[in-house]
Amino acid sequence: KRQVFGLVRTQQARVSLRARAPCVTIEWYPGGRRIIVGTVGGELTLWNGTYFSFEDLKSVPSGQGAVLALNFSKQDDFIACGDGSGNIVLLTPSLAPIASFRQFIGHVVRDVTISPTGNKVVAAAENVHPIIIDVGSQKVESSLSSRGYDITCAQWHPIKGLIATGSPTYQLHLWDPRTTNQTHP
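Residues numbered from 1 in each chain as written. Predicted model: local features only at pLDDT ≥ 70, side-chain atom pairs only at ≥ 80, totals over all residues. Heavy atoms only, no water.

A. Main features of the sheet that holds strand β2 (residues 34-39). Spatially, 4 strands are ordered β1-β2-β3-β4 in an open sheet, and the strand pairing comes out antiparallel. Unpaired on one side and paired on the other, β1 (23-28) and β4 (53-59) mark the two borders of the sheet. Each neighbouring strand pair of the sheet contributes to a mean axis angle of 20°, computed without reference to strand direction. Bridging between β2 and strand β3 (residues 43-48) involves 5 bridges; their strand directions are antiparallel. Note that in β3 the partner of Val37 across the bridge is Thr45. (Pairing = 2+ DSSP bridges. Helix = DSSP H or I, 4+ residues; strand = E, 2+ residues; numbered from the N terminus. Axes fitted to C-alpha atoms, helices over the stretch in contact; angles between N-to-C directions.)

Next comes the structure, spelled out in structure tokens:
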């Protein structure tokens, strides 16, 4: 019988960020070999997760605020990130910009989530209705609107066309992205 706990590395590694700015979001690359870190200074740092060594440092294109949200597409072909200035940026895995959206200027982007097929992105920001972005056309497709509640987090269902959103007022809503309607009152 194989013991799973024997496969986990038990030593702790510690490295310091080169940007000298606090990290606020972190995401493993899908293969598990690299780590991407978003900082308060609006930069992305790339680390080798195997040897814990620094690889790259890039500023988020068109971003002025802290990188607060990161998400990889299931197909590993792009990264969506959102910042404290209201920008949503789509990047290649090598951190080259694909597209930038300035939909939430003046509002903090709290979460970005990508559809299972990788062709849509939902971005949630404080005091603004979340938007659905079509990756292929690189345009904002629609907005998820509800009566006066602040959406601060969003998550796409892993296999279905269903979006869950949450708010600081203890509300959870489910949405049909095809109609942008709530699936329950």
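B. Structural detail: the sheet that holds strand β5 (residues 67-72). Taken in spatial order, the 4 strands line up as β5-β6-β7-β8 in an open sheet, and their pairing is antiparallel. The strands lining the two open edges of the sheet, one partner per strand, are β5 and β8 (97-101). Sheet twist, expressed as the average angle between the axes of neighbouring strands with direction ignored, equals 15°. Bridge count for strand β7 (residues 88-91) against β8 is 4 bridges, and the pairing is antiparallel. Note on β8: the bridge partner recorded for Val89 is Ser100.

C. Inspection of the pairing of strand β12 (residues 139-143) at higher detail. Note: strand β11 (residues 128-134) against β12, 4 bridges, orientation antiparallel. For Asp134, the partnering residue across the bridge sits in β12 and is Lys139. Counting the residues that bridge the hairpin from β11 to β12 gives 4 residues, and of these Gln138 lies at a positive phi of roughly 55°.

D. Quick peek at the environment of Lys74. Its place among the elements puts Lys74 in the loop between β5 and β6 (79-83). Taking the C-alpha atoms as reference, Lys74 lies 9.2 Å from Pro158; in sequence the two are 84 residues apart. The residues touching Lys74, leaving out its near neighbours within four places in the chain, are Ile114, Ser115 and Pro116. (Contact = heavy atoms within 4.5 Å.)

E. Spatial organisation of the pattern of salt bridges. Counted by the stated rule, this structure contains 5 salt bridges. A salt bridge links Arg34 to Glu55; the shortest N-O distance between them is 2.8 Å. Placement of the pair is Arg34 in strand β2 and Glu55 in strand β4, with a sequence separation of 21 residues. A residue is classified by how much of its surface remains accessible, and Arg34, at 28% relative accessible area, is partly exposed. Asp134 is the salt-bridge partner of Lys120, the closest N and O atoms lying 2.7 Å from each other. Of this pair, Lys120 sits in strand β10 (residues 120-125) while Asp134 sits in strand β11, and the two are 14 residues apart along the sequence. Given a relative accessible area of 17%, Lys120 falls into the buried group. Where salt bridges share partners, they join Lys120, Asp134 and Glu141 into one cluster. (Salt bridge = Lys/Arg side-chain N within 4 Å of Asp/Glu carboxyl O. Buried < 20%, exposed > 50% of the residue type's maximum accessible area, 1.4 Å probe, protein only.)

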